[in-house]
Amino acid sequence: SFSGAGALAAAMLLLFAETGLAWRVGAGGVVMAAGLGGLSWSQHWAPAAASLFLIGLGQVTQSSGILTELQRRSPVHLRGRLLGLFTMAFVGLVPVGGLAAGLTAAELGAPFTLRCLGGLMFLAAAVYLAQWAKERDSS
């Protein structure tokens, strides 16, 4: 329920956002990484609930932002194909990633796995934000 509350908060924030969607993709990744890291260290329900809220907030911010940016940047005649590929990749790879995370957690422990996933998410978000800043400065 806390993850759902974070997702709802992200939807409301995006609903009223007029500009700045591209940087929100990276910010959503950073927030989600912080939530994964926080969850990995949680020993009680309150910090775990706050971490789950951040995960929901970051995931919806990032995925909605990516989808919107893809639609905005793609040519009209290719938009349907691009969204079909995005959906196939997103829906098709999530179960594979879940299986890999589950196997890793079974072997190395859930906290370690969450920390690794949070680190990877943070690294990906940092690379995205660096590229975004470079594009923004060149235009």
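Before reading on, note that the structure itself is shown above.
Residues numbered from 1 in each chain as written. Predicted model: local features only at pLDDT ≥ 70, side-chain atom pairs only at ≥ 80, totals over all residues. Heavy atoms only, no water.

A. Broad picture of a nonpolar patch on the surface. On the surface, Leu8, Met12, Leu15 and Phe16 cluster together into a nonpolar patch covering about 460 Å² of accessible area. Within the secondary structure, phenylalanine 16 sits in the loop between helix H1 (2–15) and helix H2 (21–41). A relative accessible area of 65% means that phenylalanine 16 is categorised as exposed. (Patch = residues over 30% accessible without salt bridge, like charges linked within 9 Å, V, L, I, M, F, W, Y side chains within 5 Å. Areas by Shrake-Rupley, 256 points an atom, 1.4 Å probe, with all protein chains shown as cover. Salt bridge = Lys/Arg side-chain N within 4 Å of Asp/Glu carboxyl O. Helix = DSSP H or I, 4+ residues; strand = E, 2+ residues; numbered from the N terminus. Buried < 20%, exposed > 50% of the residue type's maximum accessible area, 1.4 Å probe, protein only.)

B. Quick look at the pattern of salt bridges. In total, this model carries 4 salt bridges according to the counting rule given. Residue glutamate 69 is joined to arginine 72 by a salt bridge in which the shortest nitrogen-to-oxygen separation is 2.8 Å. Taken together, the residues glutamate 69 and arginine 72, both in helix H3 (residues 45–73) and 3 residues apart, mark about one turn of the helix. Owing to a relative accessible area of 8%, glutamate 69 belongs among the buried residues under this scheme. Across the pair glutamate 69 and arginine 73 runs a salt bridge whose closest N-O atoms are separated by 2.9 Å. In this pair, glutamate 69 and arginine 73 both sit in helix H3, 4 residues apart, roughly one turn of the helix. Among the ionic contacts, a cluster of salt bridges with common partners joins Glu69, Arg72, Arg73 and Glu135.

C. How the structure looks around the environment of threonine 104. Turning to its location among the elements, threonine 104 is positioned in helix H4 (residues 79–108). For threonine 104, a relative accessible area of 31% corresponds to the partly exposed category.

D. Just the nonpolar core, in detail. The biggest cluster of nonpolar side chains holds 5 residues, and these are Met32, Ala33, Leu36, Ile55 and Met121. Looking at which element gives the most residues to this core, the answer is H2, with 3 residues. Not counting the four nearest positions on each side in its chain, methionine 32 is found in contact with Leu54, Ile55, Gly58, Gln59, Gln62 and Met121. (Core = buried A, V, L, I, M, F, W, Y, C linked by side-chain atoms within 4.5 Å. Contact = heavy atoms within 4.5 Å.)

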